[in-house]
Amino acid sequence: MNWIDTHTHTYDPAEGQPKAQALVEKALEAGVYKQILGGVDLHSVAPIMELCRAFPGTVYPTIGLHPTEVRQDYMQALDLLYRHLDADAAQEGNTPYVAVGEIGIDLYQDKTFFHQQQDAFRTQLRWAKERRLPVVLHVRNAFEEAWHILKEEQDGSLRGVFHCYSGSVEQSARVLDLGFLFGIGGVLTFKNAGLPEVVRNVPLDSLVLETDAPWLSPVPFRGKPNDSSTIPIIGHKLADILGITPQEAARATTANALRLFGL
Ligand SMILES: [Zn+2]
């Protein structure tokens, strides 16, 4: 079976974890044949590109300013990231980035820069439209706020995925209405999570798998550092919930990821 991890931070292993390249090899052995690395800020660009160059056709980069990295100086940060988007494209002959992300709104711990977060989000959505790239969304405790901006910016060309989707069934209908997909990770294996109800109520072609490694390890590894080799555990859980075979879950989620990111 061929699986894809659509969201991982393998380039930045947790303390005590093997090095990034060893983690990619481990995932390959587990049947996870492609991984998409989530960019979070300017500092993540170099380690992401280094890992992508070591595994061409296997590991792919995204670029963006994560909402929790948006601060007073966000305009300068955006300017530098945008220059990377241009310069790296010129160097590689074509953009190496498969998405703009992680971008979005996060009001979980800190609302100080809410207005800046909104502006940074909108700016980066426009980069994606201009470059015809999908977006990887990080939305936490801010579904309404993010949805409002997406609705305004959706001109028919915006595509993307709600990474680590944590919304309700009602909200998931609005995600589908926007034409977006759901990133499903280790949370699916947690007790008391509402996610099984969501995945049962949306089409299989709207689901992609992700780890968000080194975070969110699925049961039975919950609390330990995660890596992309746990994708089949999440895939098997999805198959269980939907009453389909793991092969069908792999085939569908892989096809959805290939289509979304144009791999
Ligand atoms: Zn992430």
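Preceding this paragraph is the structure being described.
What you see is a predicted model, and the numbers here were worked out from it, not measured in a lab.

Caption draft 1: Structural view of the overall build of the protein chain. In terms of regular secondary structure, the protein chain is built from nine helices and eight strands. Here the C-alpha radius of gyration of the protein chain, 17 Å, is about what a compact globule of 263 residues would show, namely 18 Å. Counting only C-alpha atoms, the protein chain reaches 45 × 40 × 30 Å along its principal axes. Looking at the protein chain as a whole, 54% of its 263 residues are labelled buried. Long-range pairs, those at least 24 residues apart, make up 73% of the contacts in the protein chain with a sequence separation of at least 6. On the protein chain, roughly 11,700 Å² of surface is accessible, and the fraction owed to carbon and sulfur atoms is 50%.

Caption draft 2: Spotlight on the pairing of strand 7 (residues 181-184). Side-chain alternation along strand 7 places Leu 181 and Gly 183 on one buried face and Phe 182 and Ile 184 on a second face that is also buried. Across two bridges, strand 6 (residues 160-162) lies against strand 7 in parallel orientation. By the bridge assignment for strand 7, Val 161 is matched with Leu 181. Between the parallel pair strand 6 and strand 7, the chain is carried across by helix 6 (residues 169-178), and the sense of this crossover is right-handed. Where strand 7 lies against strand 8 (residues 207-209), three bridges are found, and the strand directions are parallel.

Caption draft 3: Broad picture of the sheet that holds strand 7. A sheet is described by the order of its strands in space; here eight strands give the open sequence 1-2-3-4-5-6-7-8, paired in parallel fashion. Each edge of the open sheet carries a strand with a single partner, namely strand 1 (3-8) and strand 8. Each adjacent strand pair in this sheet contributes to an overall mean axis angle of 30 degrees, direction not counted. Here helix 4 (residues 114-131) sits on the sheet and contacts strand 4 (99-106) and strand 5 (135-140); the angle it forms with strand 4, its principal contact strand, is near 155 degrees.

Caption draft 4: Geometry of unusual backbone geometry. Look at the link from Gly 101 to Glu 102: it is a cis peptide, with omega at 0 degrees. Mapped onto the elements, Glu 102 comes out in strand 4. The phi dihedral of Arg 132 falls on the positive side, at around 55 degrees, and the residue is not glycine. Look at Leu 216: it is not a glycine, yet its phi comes out positive at around 55 degrees. Tracing the backbone shows Leu 216 in the loop between strand 8 and helix 8 (231-242). We classify Leu 216 as partly exposed; its relative accessible area is 29%.

Caption draft 5: Here's a closer look at the coordination of the zinc ion. On the protein side, the zinc ion has His 7 (NE2), His 9 (NE2), Glu 102 (OE) and Asp 212 (OD) as donor atoms, found 2.1 to 2.6 Å from it. One way to put it: the four donor atoms around the zinc ion meet at angles of 86 to 177 degrees, and that makes the site irregular. All donor residues of the zinc ion come from one chain, and their arrangement in sequence is H-x1-H-x92-E-x109-D. His 9 matches His 7 in its accessibility class, with the two residues each being buried.

Caption draft 6: Here's a closer look at the packing of helix 2 (residues 45-54) against helix 3 (residues 74-92). It is at 13 Å that the axes of helix 2 and helix 3 come closest, and there the two elements cross at 25 degrees. In terms of orientation, helix 2 and helix 3 fall into the roughly parallel class. Like other packed secondary-structure pairs, helix 2 and helix 3 cross with a definite hand, here right-handed. Of helix 3, the residues touching helix 2 (which contributes Val 45, Met 49 and Arg 53) are Leu 81, His 84, Asp 88, Gln 91 and Glu 92.

Caption draft 7: Molecular detail of the pattern of salt bridges. Evaluated as defined, the whole model comprises 12 salt bridges. The residue Asp 86 makes a salt bridge to Arg 131 at a minimum N-O spacing of 2.5 Å. Taken together, the residues span a long stretch of sequence, with Asp 86 in helix 3 and Arg 131 in helix 4 at a distance of 45 residues. Residue Arg 131 is classed as partly exposed on the basis of its relative accessible area, which comes to 23%. The partner of Glu 153 in a salt bridge is Lys 129, with the nearest N and O atoms 2.9 Å apart. In this pair, Glu 153 sits in helix 5 (residues 143-153) while Lys 129 sits in helix 4, placing the two residues 24 residues apart along the sequence. One connected set of salt bridges, linked through shared partners, spans Arg 122, Arg 126, Lys 129, Glu 152 and Glu 153.

Quick notes on the rules
- Residues numbered from 1 in each chain as written.
- Predicted model: local features only at pLDDT ≥ 70, side-chain atom pairs only at ≥ 80, totals over all residues.
- Heavy atoms only, no water.
- Helix = DSSP H or I, 4+ residues; strand = E, 2+ residues; numbered from the N terminus.
- Rg over C-alpha atoms; globule rule 2.2 N^0.38 Å.
- Buried < 20%, exposed > 50% of the residue type's maximum accessible area, 1.4 Å probe, protein only.
- Contact = heavy atoms within 4.5 Å.
- Areas by Shrake-Rupley, 256 points an atom, 1.4 Å probe, with all protein chains shown as cover.
- Pairing = 2+ DSSP bridges.
- Right-handed = clockwise from strand over helix to strand, strands pointing away.
- Axes fitted to C-alpha atoms, helices over the stretch in contact; angles between N-to-C directions.
- Donors = N, O, S within 2.8 Å, 3.2 Å for Na, K, Ca; no water.
- Tetrahedral: all angles 85-135°; square planar, octahedral: opposite > 155°, others 65-115°.
- Parallel < 35°, antiparallel > 145°, perpendicular 65-115°, else oblique.
- Left-handed = near helix turned anticlockwise from the far one by under 90°.
- Salt bridge = Lys/Arg side-chain N within 4 Å of Asp/Glu carboxyl O.

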